[in-house]
Amino acid sequence: MTETTPIELRLPVRVGRSRRWQVLPVMEAAVLVIAALLPLVLQDYLTIYATRVLILCLFALSFDLVWGYAGIMSFGQAVFFGSAGYGVALITRDLGVTSMLIVLPAGLLIGLTFALLLGGFLLLGRHQSSVIFVSLGTLTGSYAFDRLARGWYYLGGQNGIPSIPPMSLGSYDLDEGPVFYYFALGILVLVYLLCRFLVGSQFGLALAGLRENEQRIAFFGYRVQRLKAIIFSVAGAIAGLAGSLYAFHEGFVWPNMLGVVMSTQVVLYVLFGGAGTLIGAVIGTVVIEAVSFWLSNSYQDIWPIILGVLLLLVILFRPAGLISLIVSERERVGGFGRPPKA
């Protein structure tokens, strides 16, 4: 027998993720700076419209959590958005309460409650629910809530609930304008940071695995249906917060806030911007609303057709959304855990 000399293996030095240049944080910082400076250059009516867009960005974040990170296609996200709007409108109309310390937590709890009920029915059954079952179930729920609001006189029927007074903090009323804009921006930033922390945690890692391969995550011992129900409920709470803000900003609520059109609209926001990035949902909402505003003023008769063609072109050539133009697939999917040592 001959003695063999051991061969020394030299592995290439790996550069940790912490040393790589990341595009997403730069985009997030740029969007925040632009949003903070926007009221300084916009006219008053445009500032009011921009506030509405910020609230819709908050709504889009809720859908990006369930679809972009957990792979749950929910066509009923407007149920939580609209039910919270109707809830705070009724609190204001019947009880005379307008304090933001009461109505905003109430809207959040209303969205959370309805998400728990609907998610428990669709996701926590004895057998594992399919994507089609959840999609059609949430779509049916959105349609049912829309018809209920239109036919219930207590909720105002087709006319909804008008003349909602502004929110208040003590003796100060939060009216439309720059103050409401920065208030909505602060809530959006806070919720965004919480979502970023959530999707970057161990729970977010489980959600990412759930999105990529649900059967493998179940094989590892995770309770898949419970994970889905948890993120579904969290997203419902965020949508409820957005719906309560939207009701006070617009000054009235109506059945369309609960219906299929609103549920489909938020799907387009996330699909257009890029799912599974959070900032993509914000960018998609801003771009669609800005283009819609410009087209409706320039081409009043055919602007929906032009907007639909633009959406189809982006979805056809960029299935990952606008954000895929500058963000790589590796960064969009994200990384978890500590970066490897050199």
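Cut-offs and rules
Residues numbered from 1 in each chain as written. Predicted model: local features only at pLDDT ≥ 70, side-chain atom pairs only at ≥ 80, totals over all residues. Heavy atoms only, no water. Salt bridge = Lys/Arg side-chain N within 4 Å of Asp/Glu carboxyl O. Helix = DSSP H or I, 4+ residues; strand = E, 2+ residues; numbered from the N terminus. Buried < 20%, exposed > 50% of the residue type's maximum accessible area, 1.4 Å probe, protein only. Patch = residues over 30% accessible without salt bridge, like charges linked within 9 Å, V, L, I, M, F, W, Y side chains within 5 Å. Areas by Shrake-Rupley, 256 points an atom, 1.4 Å probe, with all protein chains shown as cover. Expected span 1.5 Å × (residues − 1).

Participant: What should I look at first to understand the pattern of salt bridges in this one?
Facilitator: Two side chains of opposite charge can pair, provided their charged atoms sit close to one another. Under the defined criterion, the tally for this structure stands at four salt bridges. A salt bridge links Arg 196 to Glu 28; its shortest N-O distance comes to 2.7 Å. Pair noted here: Arg 196 is in helix H6 (residues 178-199) and Glu 28 is in helix H1 (residues 24-37), with a separation of 168 residues, a long-range link. In this structure Arg 196 comes out as partly exposed when scored by relative accessible area, which is 27%. Overall, the relative accessible area of 22% leaves Glu 28 in the partly exposed class.

Participant: Help me out: how do you make sense of a nonpolar patch on the surface in this one?
Facilitator: Taken together, the side chains of Trp 294, Tyr 299, Ile 302, Ile 305, Val 309, Leu 310, Leu 313, Leu 316 and Phe 317 present a nonpolar region at the surface, about 940 Å² in accessible area. For the nonpolar patch, the leading source of residues is helix H12 (residues 303-317), giving six residues. Relative to the elements of secondary structure, Ile 302 occurs in the loop between helix H11 (279-298) and H12.

Participant: Just to check I follow, could you spell out helix H3 (residues 77-95) for this structure?
Facilitator: The α-helix advances 3.6 residues per turn, and as a result positions three or four apart in sequence lie on the same side. Compared with the 27 Å implied by 1.5 Å per residue over 19 residues, the 27 Å span of H3 between its first and last C-alpha is a close match. When you tally the buried positions in H3, you get 16 out of 19 residues, the bulk of the element. Two residues or fewer after H3 comes Gly 96, characterised by a positive phi angle close to 70 degrees.

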